[in-house]
Amino acid sequence: MNIFKLSLCFAIAFSAISFTACAQSKNTDPKTEKKMSYKVQKTEEEWKKELTPEQYAILRQKGTERPFTGEYNNFYKKGTYVCAACGTKLFESGTKFDGHCGWPSFDKAIPGTVEYHKDLSHGMIRTEILCANCGGHLGHVFDDGPTETGDRYCVNSISLKFVPEQQ
Ligand SMILES: [Zn+2]
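Throughout what follows, the structure given in this document is the object of discussion. Keep in mind it's a predicted model, so treat the numbers as computed, not measured.

With respect to the environment of Pro104
Along the chain, Pro104 falls in the loop between strand 3 (96-97) and strand 4 (105-106). Pro104 sits in the buried class, given 28 other C-beta atoms within 10 Å. Between the C-alpha atoms of Pro104 and Cys154, which are 50 residues apart in sequence, the distance is 6.0 Å.

As structure tokens, then:
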């Protein structure tokens, strides 16, 4: 083995060690730890396989559907809205109202099912809402609601699935 080959060997061995060290430190990153706390744990690859491209863009990549285009924007049947990614019950139809904003609007969520994160993107201070069971992005909640709760949960139709009330 000549000197060149030997030093190449060292270089490969060294980069393998530093790569492993890097991967280990990533696992203790507080940001990823937060994600680890969701009951439903799936890799991005698994989510991509299970969700439609539209669902993936909103639920996993925090996208927003175009206003007035969503399936549940003007939809007032009796039942429950569940998370499109994991099926957790999130909103009851009785809390839905016409928010005139182009997205389904609710004045409250089923207690304990929604998680709240401060969102400073797009030059605004908003409160992002996520499914507490899988971490899927739902939309935002605003404090300008017209009902007695004062809250307006503005949710992407694509993040939801409607389950009609049993007759
Ligand atoms: Zn979910």
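Structural notes on the nonpolar core
Counting residues in each nonpolar core, the largest one holds 24 residues, and the members touching the most others are Leu90, Cys131, Tyr153 and Val155. Sorting the residues of this core by element identifies helix 4 (53-60), strand 1 (79-83), strand 2 (89-92), strand 6 (126-131), strand 7 (137-142) and strand 8 (152-155) as the ones contributing at least two each. Apart from the residues lying within four places of it in its own chain, the contact partners of Val155 are Trp103, Pro104, Phe106, Leu138, Gly139 and Leu160.

Looking at unusual backbone geometry
For Phe68, which is not glycine, the phi torsion reads 65° and is therefore positive. Its place among the elements puts Phe68 in the loop between helix 4 and strand 1. On the basis of neighbour count, Phe68 is assigned to the exposed category, with 11 C-beta atoms found within 10 Å. The phi dihedral of His100 falls on the positive side, at around 50°, and the residue is not glycine. In this structure His100 comes out as exposed when scored by C-beta crowding, with 8 C-beta atoms within 10 Å.

Brief notes about the sheet that holds strand 1
The strand order across the open sheet built from three strands is 2-1-9, with neighbouring strands paired in antiparallel fashion. Sheet topology places strand 2 and strand 9 (160-164) at the edges, where each strand pairs with a single neighbour. Ignoring strand direction, the axes of neighbouring strands in this sheet form an average angle of 30°. Bridge count between strand 1 and strand 9: five bridges; the pairing is antiparallel. Within strand 9, the residue paired with Val82 across the bridge is Lys161.

How each quantity is defined
Residues numbered from 1 in each chain as written. Predicted model: local features only at pLDDT ≥ 70, side-chain atom pairs only at ≥ 80, totals over all residues. Helix = DSSP H or I, 4+ residues; strand = E, 2+ residues; numbered from the N terminus. Buried ≥ 20, exposed ≤ 12 C-beta atoms within 10 Å, placed from the backbone. Core = buried A, V, L, I, M, F, W, Y, C linked by C-beta atoms within 7 Å. Contact = placed C-beta atoms within 7 Å. Pairing = 2+ DSSP bridges. Axes fitted to C-alpha atoms, helices over the stretch in contact; angles between N-to-C directions.

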